[in-house]
Number of protein chains: 2
Amino acid sequence: MHILITGAAGMIGRKIAENLVTTGSLGGRPVTKITLQDIVEPHTYGSEETAIFPVVGDMTDHALIEHVMAERPDVVIHLAAVVSGEAEADLDKGYRVNLDGTRALLEAIRRANYAPRVVFASSIAVYGPPFADPIPDDVELHPLTSYGTAKAMGELLVSDYSRRGILDGISLRLPTICVRPGKPNRAASGFFSSIIREPLKGEETVLPVGEDVRHFFASPRSAVDFFLHAATMDTEALKGHRALAMPGVSASVGEEIAALREIGGDKVVALIRKEPDATIQGFVHNWPANIAARRARDHGFEAESDFAGIVRAHIEDEHGGKPPILA
Amino acid sequence: MHILITGAAGMIGRKIAENLVTTGSLGGRPVTKITLQDIVEPHTYGSEETAIFPVVGDMTDHALIEHVMAERPDVVIHLAAVVSGEAEADLDKGYRVNLDGTRALLEAIRRANYAPRVVFASSIAVYGPPFADPIPDDVELHPLTSYGTAKAMGELLVSDYSRRGILDGISLRLPTICVRPGKPNRAASGFFSSIIREPLKGEETVLPVGEDVRHFFASPRSAVDFFLHAATMDTEALKGHRALAMPGVSASVGEEIAALREIGGDKVVALIRKEPDATIQGFVHNWPANIAARRARDHGFEAESDFAGIVRAHIEDEHGGKPPILA
Ligand SMILES: NC(=O)c1ccc[n+]([C@@H]2O[C@H](COP(=O)([O-])OP(=O)(O)OC[C@H]3O[C@@H](n4cnc5c(N)ncnc54)[C@H](O)[C@@H]3O)[C@@H](O)[C@H]2O)c1
Ligand SMILES: NC(=O)c1ccc[n+]([C@@H]2O[C@H](COP(=O)([O-])OP(=O)(O)OC[C@H]3O[C@@H](n4cnc5c(N)ncnc54)[C@H](O)[C@@H]3O)[C@@H](O)[C@H]2O)c1
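This is a predicted model, so every value here is computed, not measured.

Trainee: Could you give me a rundown of the sheet that holds strand 6 (residues 75–78) of chain B, with the residues and numbers involved?
Mentor: Residues and elements named next belong to chain B. Here we have seven strands laid out as an open sheet, ordered 5-4-1-6-7-8-12, and parallel in their pairing. Both edges of this open sheet fall to strand 5 (51–56) and strand 12 (243–245), since each of them pairs with a single strand only. The average undirected angle you get between the axes of adjacent strands in this sheet is 20°. Both strand 6 and strand 7 (residues 117–123) contribute to a ladder of four bridges, which runs parallel. Following the sheet pairing, Val76 is matched in strand 7 by Val118. Against the sheet, helix 2 (residues 62–69) engages strand 1 (2–6), strand 4 (33–38), strand 5 and strand 6, with an angle of about 165° to strand 5.

Structure below.
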């Protein structure tokens, strides 16, 4: 099998590539080739069985993406995106990458003319208030960011191109992926990960909201599983409703901290410094707190069952089971 | 007030323009100028109070639409579209006009930088099966045509650009407008109008589906009212949910025929010839039968209360109250 990943240098893309190279297979078939497309140079590590081809460039470049699709990958995992904050700050760039980029990809697939499986990374940012608790499947989408708007539009395109037989697509509405590895970033939602990640490294971190703030999470490990499952599942069973809210864990910040205490003890939790930030507190009310994801669960998608599971996955995957502060 | 209508040479555009010229006002303010934009030459009839400016050209042409927006119309009524059958047959053209055209307009409005009211003609083609009866507000959209997909995407853009303060938009999901005046066209849904329109002219017409087929309608007169109401209503009250299913009449073909018999008698109904068409019968199951439109009714949108009202509106508006066969 040949797998194409766009946005492959990003957090999820790297983990999917690593998984594919390590296991060497997808849905029981050997993975012989992976194309890693990103605007920045992706990390490349092949194996004897799996060849890795990096393609560095802007995926909104039609010639580039047509060139990539001419190799007819069996599965296309479309992750390339400008994140929420940047798409909000720069309307043109956000729509150019998040909408036109997706369209360029779908058009290149149309010209390649062989209807491959396409898995599109959508987001729970497609939902907007007032929120049901939990949010059921089949509610109208009311995105409150240009990022969420472009994701909702991408879902519609993936459905329409699938209906027309141009591709065989599925859109995954990802929960906030937590604990996001790496350095703290400037995303307004970054604290959900930082309050776990930094203390486990023995570093101080800032909590800008109250402990009652609730949001919806899945681990990077679950995210990888979602994409690999979607890459090979039976899409006929979706009956044309090709966007699925992915399962996850609804947890308050207080529950996050309780899980951290359970696993790391008081000295870890003591590294969380409360510093309320009115701007961030203003944002959080527009973020979904809990999502039923009944259809996805029925179609075999699985996530952690509680936030402690998310913390444990982080410790296993990023610290080999031994975080610095507990060493 | 200055009103811009795109797609102004079309059926609804013509009727809106005629209404504005005749009444000379909108929401209590005088209409001094109307710009009629279309790719074909629109019919122009001004009055002493209202000047009419036709702008003939393709609205996907950024320079053209920026030029039009530079005149800063107070209200933009966006009707230009490639209809369902054509958008399905020609993917490129459909998305170019229905999606890129809408985006070109919104971008031109952004550059004009004064946040005018924008009323976007969406459609009940945004809905797909399985259908609730009636379809409530706030269901997920599952368009089953590229036309419906582009309309759903347009709604999302109108909401996002409104949220950002670039414009003050509202999207109207129009029922099938019936009785559509003029010549029979090749739209698969054309028979819903033809079986009323042609017999009233004393002409034979073909009914390709069974009498139990149910669909959702509003008269051209109601459609005009929807746009004029949306042009001046308080959009704050929409609380950010800027797409509204318009009210209408749910009627089966049998109920259409009964209304025609009530008004025109048996000799009119006798002009309907039943000629089942398997292709068209296949389509109709994907069309919504009934829509609650609770929110729109709460916000002051009104339609006919039964199909006889729709037939009467047609006879008054197209035949001055006296259709040929009843003369
Ligand atoms: N991480 C989350 O919490 C989360 C939640 C919901 C949805 N998602 C979606 O999942 C996908 C992957 O998420 P991630 O966390 O790995 O994001 P990331 O920001 O780490 O990776 C995105 C990658 O896309 C690349 N990219 C940006 N513009 C590009 C362009 N024009 N051409 C080619 N590549 C381009 C970036 O260089 C980056 O490597 C994204 O589509 C994101 O919107 C992520
Ligand atoms: N009539 C209905 O039953 C119905 C139902 C739901 C939604 N709508 C929507 O309402 C709007 C008006 O409907 P209508 O029945 O008057 O349609 P229509 O087809 O009579 O008019 C559409 C007009 O758009 C113009 N147009 C097409 N491409 C253009 C372009 N590139 N640049 C400029 N103009 C262009 C056409 O020339 C035409 O005059 C459309 O957006 C339609 O999709 C109509």
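Trainee: I'd love a proper account of the sheet that holds strand 8 (residues 168–174) of chain A, names of residues and values included.
Mentor: Strands in a sheet are paired, the pairing made by backbone hydrogen bonds, and the direction either parallel or antiparallel. Residues and elements named next belong to chain A. Pairing is parallel across the open sheet formed by seven strands, whose spatial order is 5-4-1-6-7-8-12. Taken across any chain shown, the strands that pair with only one partner, and hence form the sheet edges, are strand 5 (51–56) and strand 12 (243–245). Pairwise comparison of adjacent strand axes, ignoring direction, gives a mean angle of 20° for this sheet. Across five bridges, strand 1 (residues 2–6) lies against strand 4 (residues 33–38) in parallel orientation. Each residue of the ladder has a partner; that of Ile3, found in strand 4, is Ile34. Packed onto the sheet, helix 2 (residues 62–69) meets strand 1, strand 4, strand 5 and strand 6 (75–78) and runs at close to 165° relative to strand 5.

Trainee: Go over the interface of chain A and chain B with me, naming the residues and quoting the values.
Mentor: Taken together, the contacts link 32 residues of chain A with 32 residues of chain B. With both sides pooled, the region where chain A packs onto chain B buries about 2,800 Å², and carbon together with sulfur makes up 49% of that total. If you look at where chain A meets chain B, you find 10 salt bridges. Among the ionic pairs, A:Arg110 bridges to B:Asp92, the shortest N-O distance being 2.8 Å. The interface formed by chain A and chain B includes 28 residue pairs in polar contact (both at pLDDT 80 or more). If you list the elements that add at least two residues to the side of chain A that touches chain B, you get helix 3 (84–89), helix 4 (91–112) and helix 5 (146–163) of chain A. Here the side of chain A that touches chain B is built from residues that sort into 15 nonpolar, five polar and 12 charged.

Trainee: I'd like a rundown of the site of ligand 2, residues and numbers included.
Mentor: All names here are of chain B. Not every one of the 26 residues close to ligand 2 is listed here, only the nearest: Ile12, Asp38, Leu79, Tyr147 and Arg180. Taking Asp38, its side chain carries an N or O atom lying 2.6 Å from an oxygen atom of ligand 2. Between ligand 2 and Ile177, the relevant distance is 2.8 Å, taken from an oxygen atom to a main-chain nitrogen or oxygen of the residue. Look at ligand 2: alone it shows 820 Å² of surface, and the protein chains cover 88% of it. Secondary-structure elements contributing two or more residues to the shell around ligand 2 are helix 1 (11–23), strand 4, strand 7, helix 5 (146–163) and strand 9 (176–177). The biggest single contributor to the shell around ligand 2 is strand 7, with three residues.

Procedures and definitions
- Residues numbered from 1 in each chain as written.
- Chains lettered and ligands numbered in written order.
- Predicted model: local features only at pLDDT ≥ 70, side-chain atom pairs only at ≥ 80, totals over all residues.
- Heavy atoms only, no water.
- Pairing = 2+ DSSP bridges.
- Helix = DSSP H or I, 4+ residues; strand = E, 2+ residues; numbered from the N terminus.
- Axes fitted to C-alpha atoms, helices over the stretch in contact; angles between N-to-C directions.
- Contact = heavy atoms within 4.5 Å.
- Buried area = accessible area lost by both parts, 1.4 Å probe.
- Salt bridge = Lys/Arg side-chain N within 4 Å of Asp/Glu carboxyl O.
- Polar contact = N/O pair within 3.5 Å; in protein donor to acceptor, adjacent residues only side chain to side chain.
- Nonpolar A, V, L, I, M, F, W, Y, C, P; charged D, E, K, R; others polar.
- Near = heavy atom within 4 Å.
- Areas by Shrake-Rupley, 256 points an atom, 1.4 Å probe, with all protein chains shown as cover.

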